[in-house]
Amino acid sequence: MTEENAVVPAWNTTATYPDAPGPTAKLEKFIDAMIAIGQTGQIFGEHGIGKTSTFVSYVPKRFPGTTLVVLPAANLAPDDLLVNAPVRDDRSGELVLRQLIMRQLVPGKPFVLLIDDALQAGNTVQSQLMQLACNWTLGEYDLRELGCVGVFLTDNESLAETSVRRSDLAILDRMVTIRLTANDTAWRQALAERYPDWDLREVFRQWAALSPHLRHLFSPRTLQHVLDCARAGFPLAWGLPLLNGHRLALAEERKDGKPGRDRTAEVLDGIAAAVGARNPATVADPVRRILRAAMTHRWAVLLQGPPGCGKTEITKQIAREETGEEPVYFSLPVTNVEDLCVPVPTRDGSLDAMLARSLLDPKPKVLVWDEYNRPKDKATFAKLMEITQEWTLAGRPIPNLRAQVALQNPPYHLGRKLLVTSNNVAQASRFTISYEVLPEDIPANEWLISTYGETAETVLEWWKNDIDDEGRDWITKRTLERLIKLHQADMPLQSGLIYLGDGEYAPVPLSGLEARLADRPQIGLAELAGNCPSWEARLSSAAETTEEGTDDTDLVHQVFSNAEVSQLEKHLDVVARLLPYLPPKLRATYLVGQTPERQRFWITALGRMGELSASG
């Protein structure tokens, strides 16, 4: 490949760069030079600074007709690259052993080979990769004859993210090596093109003003996720990764290495102001909004929540609603590498990756990775890293992939350690949004009511009103369903609680629930409806006594606040008759910060209140 084959990539005008940005990034110059002189290029740099994305965007533009072949080294098994297989000899007709090479290495046109995460491969694969890097050969194949015009290796040489370092001088003497910082890649131009209507120069200035430690934590990749959240109207903190189950804090590092001042809010508020976006503390109905945004914008998102809160079911439901298809579901504790893909010989003498049928279906698909931090083995998790980062598997794009949703539990819940694996920043920062799910974020209550009717309403009244926050943590939505089923089967409820061993169950008293299920009187929306005139009189008397209301006022307000939308709609006239007696400040809470469904109901209820007042 010569300079005659190369072109200067055109620049699309953006608000950040009305004219083409300055000199070519250091990495882009390095790519040009190594291709021109035919040397292997070794590139070291921190995670998330745009090493791989620079190759992906630059090579096709700079060298038209040349393809980029990316091999994620951490995901490779020895038989993925090269294998001896029996084939029929054309001349003798006998079966003979022949070396078959990975199909991506014979694309049929000039190609640049990028070995990504090169230090993270196993020992056998390392040997194969070093043959590629040193000699541009693999087994009996010469990559130059197959069309290869450049070979590059990238990784972060920090031992915190890799397990090995190259020390063999015979290997090191075959490469040209550079070390990069975030200032050496084209990530700023990439973000400018991603958000062409935003002037990001102030964002870049604020990022550059951070300390080196904060810039390491707040990599350009994470900055992109934060900007994606800003664009979607989400809290910007959701773009920060969950590192070992906890939200990454942008905290300065003290001289003793311990965390210092936490600047997370300051930094994120500054970015929001720079692009003219809000930075809300939260949004209504967060889980469903995150899932729909992921399927609209083609994001990979991570939902972390306690067991039994409904993460999996709501993800499947939204996937069905958005795509019209069932999601492609894998549970990592029982998923092997072979469940995703295996290398197989083909007639043309290459190794092709055979993917699972569900991954190749041309229909729109959402991939669900359940129990994401409980992988069966490291090899499977490594394969997964390629999909979440590159949206490919064994180098093959997954057709019509709309979104990826990873679901996991936190490391600790209710004071008990869960058997989940740890991660590092490079792994954790692959997701556009990482969200910590609360039980109230998922509208499982409506599903319970629609499925189990009045029994579910009674059980939910107990869950909302009769037990404290710790009790509600122990009684998950999954446990609620068990309690409902046990009651319907006339079985003792105690056995439906989480069993802790040695005769101990979750420490939640069930006497209140048993009382409600035995039809002993308790105050709920149905009870208000059954005696509406009496409650009107009590609330009227309360309104005359004080503008702030009384215990009766607070009780009705609590019932309205806790009721599900379907229950409120069922008793619309009762709600409208009692609503005028509640203080305006309480009525306002029914609209502010609520889900669109609840807001629609309360607008209807206020209108109905006006109608009843006019006719009465």
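Our structure is the block above this text.
Residues numbered from 1 in each chain as written. Predicted model: local features only at pLDDT ≥ 70, side-chain atom pairs only at ≥ 80, totals over all residues. Heavy atoms only, no water.

**Focus: the pairing of strand 17 (residues 350-355)**
The line we're drawing: A simple rule labels every residue: compare its accessible area, found with a 1.4 Å probe on the protein chains alone, to the largest value its type can have, and call it buried under 20%, exposed over 50%, or partly exposed in between. Only runs of H or I of at least four residues qualify as helices and only runs of E of at least two qualify as strands under DSSP, and these elements are numbered from the N terminus. Paired strands, in this sense, are two strands between which DSSP finds at least two bridges.
With five of six residues buried, strand 17 is to be regarded as a mostly interior element. Where strand 4 (residues 95-102) and strand 17 come together, two bridges link them in parallel fashion. The residue bridging Met102 from the neighbouring strand is Leu351, located in strand 17. Bridge analysis of strand 16 (residues 341-345) against strand 17 gives five bridges, and the strand direction is antiparallel. Directly across from Pro345, in strand 17, lies its bridge partner Leu351.

**As for unusual backbone geometry**
With a phi angle near 50°, Asn244 is a residue other than glycine that sits in the positive phi range. Here Asn244 lies in the loop between strand 10 (242-243) and strand 11 (246-247). Judged by relative accessible area, Asn244 falls into the partly exposed class, the value being 33%. Despite not being glycine, Asp502 shows a phi value in the positive range, around 55°. Its location among the elements puts Asp502 in the loop between strand 25 (499-501) and strand 26 (504-505).

**Quick look at the state of the cysteines**
By definition, a disulfide links the sulfur atoms of two cysteines through a covalent bond. Note the following rule: By convention in this document, the label disulfide applies to cysteine sulfur atom pairs within 2.5 Å.
Scanning the model with the defined rule gives zero disulfides in all. Free cysteine Cys134: the closest other cysteine sulfur is in Cys148, separated by 14 Å. Overall, the relative accessible area of 18% leaves Cys134 in the buried class. Taking relative accessible area as the criterion, Cys148 reaches 5% and is therefore assigned buried.

**Some words on the pattern of salt bridges**
The criterion, for reference: The salt bridge definition used is simple: a Lys or Arg side-chain nitrogen within 4 Å of an Asp or Glu carboxyl oxygen.
The full count for this structure, using the stated rule, is 25 salt bridges. For Arg263, the salt bridge goes to Glu252, with nearest N and O atoms at 3.0 Å. Placement of Arg263 in the loop between strand 13 (259-262) and helix 11 (264-275) and of Glu252 in strand 12 (residues 251-253) is noted, with a sequence separation of eleven residues between them. The salt bridge partner of Arg263 is Glu266, with a shortest N-O separation of 2.9 Å. Note on Arg263: relative accessible area 15%, which makes it buried.

**Concerning the environment of Asp256**
We apply this condition: Nitrogen and oxygen atoms within 3.5 Å of one another constitute a polar contact, given that in protein one can donate a hydrogen and the other can accept it, and given that sequence-neighbouring residues count only through two side-chain atoms.
Within the element layout of this structure, Asp256 appears in the loop between strand 12 and strand 13. Separated by 3.0 Å, the side chains of Asp256 and Arg254 make a polar contact.

**What about the sheet that holds strand 4?**
Just so we agree on the cut-off: What counts as an axis is a line fitted to C-alpha atoms, over the stretch in contact for a helix, and the angles between N-to-C directions run from 0 to 180 degrees.
With mixed pairing, four strands are arranged side by side in an open sheet as 3-4-17-16. Two strands close off the open sheet at either side, each with one partner strand: strand 3 (82-88) and strand 16. In this sheet, adjacent strand axes meet at a mean angle of 45° when their direction is disregarded.

**Focus: helix 20 (residues 477-488)**
Formally: Helix span, as expected, comes to 1.5 Å for every residue beyond the first. Throughout, a residue-residue contact means that at least one pair of heavy atoms, one from each residue, lies within 4.5 Å.
Here helix 20 contains twelve residues, and its C-alpha end-to-end distance of 17 Å stays within 8% of the 16 Å for a straight helix at 1.5 Å per residue. Here helix 20 has its buried residues at Lys477, Thr479, Leu480, Glu481, Leu483, Ile484 and Leu486. Those residues of helix 20 that are buried are in contact with helix 18 (444-465), helix 19 (469-474) and helix 21 (511-517). Asp490, located one to two residues past helix 20, shows a positive phi value of around 55°.

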